[in-house]
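This is what each chain is made of:
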Number of protein chains: 2
Amino acid sequence: MSFSIRTGKKKDVQAILDLIVELAIFEKLPNEVELTTDDLLRDGFSDQPKFKTFVAEETDGTIIGMALFYERYSTWKGTTIHLEDLMVRESKRGIGAGKALYTAVLKHAHDNECKRVAWDVLDWNTNAINFYESTGANVLPDWRVVHMNEQNLDKFINENF
Amino acid sequence: MSFSIRTGKKKDVQAILDLIVELAIFEKLPNEVELTTDDLLRDGFSDQPKFKTFVAEETDGTIIGMALFYERYSTWKGTTIHLEDLMVRESKRGIGAGKALYTAVLKHAHDNECKRVAWDVLDWNTNAINFYESTGANVLPDWRVVHMNEQNLDKFINENF
């Protein structure tokens, strides 16, 4: 069955959340997902959305993949795009939906004159890394991601205020 | 001389840009900074600012450090804060301005009920890493940062459209 790429809409939030959960399972951290469809509706489909989405939709209306992204700000380059999640249902891999979503995000960034698109990847996800590098993206060898999680943030604030 | 932390204002953009450049020199990539004070004014001090700043100001009005941050969106946690830059002038290190700026950003995140604060660090910057870890932050061992830069984005789009 063929698919097409379009902007995500309110009616897609359940499918988007299902894909978020499937990605978290793949990343071996399924219990980390605290988001609900209400959160997605409020945060992504209101007057000042905090993110945008593209979805891959089969001709019968089934959503088989999605990309979720938003603006960031580089003190070197100005406005950039961050690709937070890109996911295609496991049963629908290999038909080009992933590359089509990826291309749609890059096209959006290019149309909006963003000077960089950034995202994070797990270092053991060699399929993804090989694909990204084949398109001209660079996996930065010397930068690491730092997270202060909710629990440690609470602790830090309680100790310092 | 003592200092205080306050929200950055329009009048601070030259001092903020000077600190951005000083940080890029420290990171050994001084030619990467393309941003101007006009860009900072437009992007950070308009109706819908793309970032916020805190500055460390000495009693005579001199800006000796700054933190620049903005919202991101986690598909696991919802709204998060990203700390893009935190910099104190080299001649003003050791008086607590860095920790005060860092604490101000974490307090802002906590006050706004963000469930995560994230940032990137160079893997050879052990002083920074040791400090971050001492406050409860985690340097993620298995995530890597990926960038599609402007030149390669242009190339990808030209090849695919």
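See above for the structure.
Procedures and definitions
Residues numbered from 1 in each chain as written. Chains lettered and ligands numbered in written order. Predicted model: local features only at pLDDT ≥ 70, side-chain atom pairs only at ≥ 80, totals over all residues. Heavy atoms only, no water. Helix = DSSP H or I, 4+ residues; strand = E, 2+ residues; numbered from the N terminus. Contact = heavy atoms within 4.5 Å. Axes fitted to C-alpha atoms, helices over the stretch in contact; angles between N-to-C directions. Parallel < 35°, antiparallel > 145°, perpendicular 65-115°, else oblique. Left-handed = near helix turned anticlockwise from the far one by under 90°. Nonpolar A, V, L, I, M, F, W, Y, C, P; charged D, E, K, R; others polar. Salt bridge = Lys/Arg side-chain N within 4 Å of Asp/Glu carboxyl O. Buried < 20%, exposed > 50% of the residue type's maximum accessible area, 1.4 Å probe, protein only. Least-squares fit on C-alpha atoms with pLDDT ≥ 70 in both. Pairing = 2+ DSSP bridges.

Side note on the environment of Leu68(A)
Inspection of the secondary structure assignment puts Leu68(A) in strand 3 (residues 63–74). C-alpha of Leu68(A) to C-alpha of Asn112(A): the two residues are 44 residues apart in sequence and 16 Å apart in space. Not counting residues within four places of it along the chain, the set of residues in contact with Leu68(A) comprises Phe51(A), Lys52(A), Thr53(A), His82(A), Leu83(A), Glu84(A), Asp85(A) and Thr75(B).

Quick word on the packing of helix 3 (residues 97–111) of chain A against helix 5 (residues 150–160) of chain B
Two measures define how a pair of helices packs: the angle their axes make with one another and the distance between the axes. Where helix 3 of chain A meets helix 5 of chain B, the closest approach of the two axes is 10 Å, and the angle between their N-to-C directions is 120°. By the criterion of interaxial angle, the relationship of helix 3 of chain A to helix 5 of chain B is oblique. Here helix 3 of chain A runs over helix 5 of chain B; the crossing is left-handed. Contact residues: helix 3 of chain A offers Lys99(A), Tyr102(A), Thr103(A), Leu106(A), Lys107(A), Ala109(A) and His110(A), while helix 5 of chain B offers Leu153(B), Asp154(B), Phe156(B), Ile157(B) and Asn160(B). Taken together, the residues of the contact of helix 3 of chain A with helix 5 of chain B sort by class into six nonpolar, three polar and three charged.

A few points about the pattern of salt bridges
Counted by the stated rule, this structure contains 26 salt bridges over all chains. Glu34(B) is the salt-bridge partner of Lys115(A), the closest N and O atoms lying 2.9 Å from each other. Here Glu34(B) lies in the loop between helix 1 (13–26) and helix 2 (37–44) and Lys115(A) lies in the loop between helix 3 and strand 5 (116–122), a pairing that spans two chains. On the accessibility criterion, Lys115(A) (29% relative accessible area) is partly exposed. Among the residues examined, Glu34(B) registers a relative accessible area of 36% and is labelled partly exposed. We note a salt bridge from Asp111(B) to Lys107(B), for which the minimum N-O separation is 3.1 Å. Here Lys107(B) and Asp111(B) lie together in helix 3 (residues 97–111), a separation of four residues that amounts to about one turn. Overlapping salt bridges bring together Glu32(A), Glu34(A), Lys77(B) and Lys115(B) as one network.

A look at the relation of the copies chain B and chain A
Of the two same-sequence chains, chain B is brought onto chain A (RMSD 0.0 Å, axial shift 0.0 Å) by a rotation of 180°. What the rotation and shift describe, once combined, is the action of a two-fold rotation axis. Taking C-alpha positions as reference, the residue of chain B nearest the rotation axis is Arg144(B), located at 3.2 Å.

Quick word on the pairing of strand 2 (residues 52–58) of chain B
Residues and elements named next belong to chain B. Across the seven residues of strand 2, six count as buried, placing the element largely inside the fold. With five bridges joining them, strand 1 (residues 3–7) and strand 2 adopt antiparallel strand pairing. Its bridge partner lying in strand 2, Thr7 is registered against Phe54. One ladder, built from six bridges, connects strand 2 with strand 3 (residues 63–74); its direction is antiparallel. Opposite Lys52, over in strand 3, you have Phe69 as the bridge partner. Hairpin geometry of strand 2 and strand 3 is characterised by an intervening segment of four residues between the two adjacent antiparallel strands and by a positive phi of about 95° at Gly61.

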